[in-house]
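If you want the building blocks of each chain, they are given just below.
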Amino acid sequence: MRKLITYLLLLPIYFYRNCISPFTPPSCRFTPTCSQYAIEALQKHGPIKGLYLTIRRLLRCHPWGGSGYDPVP
């Protein structure tokens, strides 16, 4: 069940990376990018903690937020 939920959470990220991201200029403040961070967090920590880490990262991604190297814990 955990793998199914993780897979369902990854689908919108893959859609974004393949269909939307190529048409927007690169503007990520962090390394790895937010989408790559989300994929790694979900695969490493599962759906609950991975989604929590992803949302926390997305909330930090704004003009007054940080930048630089921010790996998945």
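Residues numbered from 1 in each chain as written. Predicted model: local features only at pLDDT ≥ 70, side-chain atom pairs only at ≥ 80, totals over all residues. Heavy atoms only, no water.

1. Quick look at the overall build of the protein
As a reminder of what qualifies: Runs of E in the DSSP output that reach at least two residues are strands. Runs of H or I that reach at least four are helices, and both are numbered from the N terminus. Put simply, the radius of gyration uses C-alpha atoms, and a globule should come to 2.2 Å times the residue count raised to 0.38. Summary of the burial criterion: residues with accessible area below 20% of their type's maximum are buried, those above 50% are exposed, and those between are partly exposed, where the area comes from a 1.4 Å probe applied to protein chains only. Any pair of residues with heavy atoms lying within 4.5 Å of one another is described as a contacting pair. Exposure was quantified through the Shrake-Rupley algorithm and a 1.4 Å probe, taking into account, for residues, occlusion by the shown protein chains and nothing else.
Of the regular secondary structure elements, the protein holds 2 helices and 2 strands. Ordered by position in the sequence, the α and β elements of the protein form the string α-β-α-β. In terms of overall dimensions, the protein is globule-like: its C-alpha atoms have a radius of gyration of 12 Å, near the 11 Å expected for 73 residues. Here the C-alpha coordinates of the protein stretch approximately 35 × 25 × 15 Å along the principal axes. Sorting the 73 residues of the protein into buried and exposed places 27% on the buried side. In the protein, the share of contacts with a sequence separation of at least 24, taken over all contacts with a separation of at least 6, comes to 69%. Summing over all exposed atoms, the protein offers an accessible surface of approximately 5200 Å²; the carbon and sulfur share of this is 67%.

2. Overview of the environment of P25
Inspection of the secondary structure assignment puts P25 in the loop between α1 (2–20) and β1 (30–31). Note: C-alpha distance between P25 and C61 (36 residues apart in sequence) is 16 Å.

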